[in-house]
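# Residue-level structural notes
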Amino acid sequence: MDLWLTERETDHLRVQWRIRETLHRTRSRYQEIVVADSAEFGRMLLLDGIIQTSLKDEFIYHEMLVHVPLSLHPKPEKVLVIGGGDGGTVRETLKPPEVKRVHLVEIDEMVIEVCRQYLPELSSKLDDPRVEIHVADGVEFVKDRRQAYDVILVDSPDPLGPAEGLF
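Residues numbered from 1 in each chain as written. Predicted model: local features only at pLDDT ≥ 70, side-chain atom pairs only at ≥ 80, totals over all residues. Heavy atoms only, no water.

## Quick notes on the packing of aromatic side chains
Tallied over the full model, the rule gives zero aromatic pairs. When the ring centre of F41 is taken as reference, the NZ or CZ atom of K56 above it lies at 5.5 Å. (Phe/Tyr/Trp six-rings, centres within 6.5 Å; stacked < 30°, edge-to-face > 60°. Lys NZ or Arg CZ within 6 Å of the ring centre and 35° of its normal.)

Have a look at this one:
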């Protein structure tokens, strides 16, 4: 069987990836979560049918999201990551030796669980003792906090569904 994933970018552009196998499919309270093994990009995480990351090229996104802002702060010891339940942003955030504490706020606990199982290359640092995971809405989390962070990183999908308020 020839299986293709098609993602509609605009009314005039669609992109396709050949899928070897669907490894996991579930529906959380917030979204459909799929992990697929693609022929070109390896394992991919999809939320509501939209690719969030893939093993082959995830470093491009995660490195730019993290290292540019962290390099602008003179001493980024305490970092808040909103979203990013796959773990790639946390992994990159822990690389600079100045970072002492990372709080990850992810609204969908199932994203974390699925990525721990199927994308350990990204999620392995979620168990680092410097990481504190909060399963909560990022907007509400920030409203209720009085503590300061040196850097806040928002690793969010497109502004649809539960991520809409982050924009």
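So much for the structure itself; the text now carries on.
## Observations regarding the nonpolar core
The tendency in soluble globular proteins is for nonpolar side chains to be buried as a group. Judged by nonpolar contacts, the single largest core of 14 residues is most densely connected at V79, V81, V90 and V102. Of all the secondary-structure elements, those providing two or more residues to this core are α1 (58–72), β6 (78–83), β7 (101–106) and β9 (151–155). Filtering out sequence-adjacent residues up to four positions away, V81 remains in contact with T89, V90, T93, V102, H103, L104, V105 and L153. The next biggest cluster of nonpolar side chains, apart from the first, holds nine residues, and it includes I33, V35, L47 and V111. (Core = buried A, V, L, I, M, F, W, Y, C linked by side-chain atoms within 4.5 Å. Buried < 20%, exposed > 50% of the residue type's maximum accessible area, 1.4 Å probe, protein only. Helix = DSSP H or I, 4+ residues; strand = E, 2+ residues; numbered from the N terminus. Contact = heavy atoms within 4.5 Å.)

## Considerations on the pairing of β6
Among the six residues that make up β6, five are buried, leaving the element largely enclosed by the rest of the structure. Here β6 pairs with β7 via five bridges, running parallel. Each residue of the ladder has a partner; that of I82, found in β7, is V105. In this region the chain leaves β6, passes through helix α2 (residues 88–93) and returns to the parallel neighbour β7; the handedness of that crossover is right-handed. In the sheet, β6 pairs with β9 via five bridges, with the strands oriented parallel. (Pairing = 2+ DSSP bridges. Right-handed = clockwise from strand over helix to strand, strands pointing away.)

## What about the sheet that holds strand β8 (residues 131–135)?
The strand order β8-β7-β6-β9 describes an open sheet built from four strands, whose pairing is parallel. Of all the strands in the sheet, just β8 and β9 have a single pairing partner and so form its edges. Along the sheet, successive strands turn relative to each other by an average axial angle of 15°, direction set aside. Along the sheet, α1 makes contact with β6 and β9, crossing β9 at roughly 160°. (Axes fitted to C-alpha atoms, helices over the stretch in contact; angles between N-to-C directions.)

## Some thoughts on the sheet that holds strand β4 (residues 42–47)
The antiparallel open sheet is built from five strands, whose spatial order is β1-β2-β3-β4-β5. Of all the strands in the sheet, the pair left with one neighbour each is β1 (3–10) and β5 (50–54). This sheet shows a mean twist of 45° between the axes of neighbouring strands, independent of strand direction. One ladder, built from six bridges, connects strand β3 (residues 32–38) with β4; its direction is antiparallel. Pairing of I33 across the sheet is with L47, part of β4. The strands touched by helix α3 (residues 109–118) are β2 (13–27), β3 and β4; relative to β2, the strand with the most contacts, the crossing angle is about 95°.

## Description of the pairing of β5
Where β4 lies against β5, four bridges are found, and the strand directions are antiparallel. Across the sheet, residue M44 finds its bridge partner in β5, namely S54. Taking the residues between adjacent antiparallel strands as the criterion, β4 and β5 are bridged by two residues, where D48 takes a positive phi near 50°.

## Focus: α1
Three or four residues apart is the spacing at which side chains of an α-helix point the same way, because the helix has 3.6 residues per turn. The first and last C-alpha atoms of α1 sit 22 Å apart over 15 residues, in line with the 21 Å expected at 1.5 Å per residue. All buried positions along α1 are accounted for by E58, H62, L65, V66 and L70. Tucked inside the fold, the buried residues of α1 contact β5, β6, α2, α4 (120–123) and β9. (Expected span 1.5 Å × (residues − 1).)

## Focus: α3
For α3, the full list of buried residues reads V111, I112, V114, C115 and Y118. Tucked into the core, α3 has its buried residues touching β2, β3, β4, β7, α4 and β8.

## Quick notes on unusual backbone geometry
The phi torsion of most residues other than glycine is negative, and most of the peptide bonds are trans. For D48, which is not glycine, the phi torsion reads 50° and is therefore positive. In this structure, D48 sits in the loop between β4 and β5. On the basis of relative accessibility, which here comes to 42%, the residue D48 falls in the partly exposed class.

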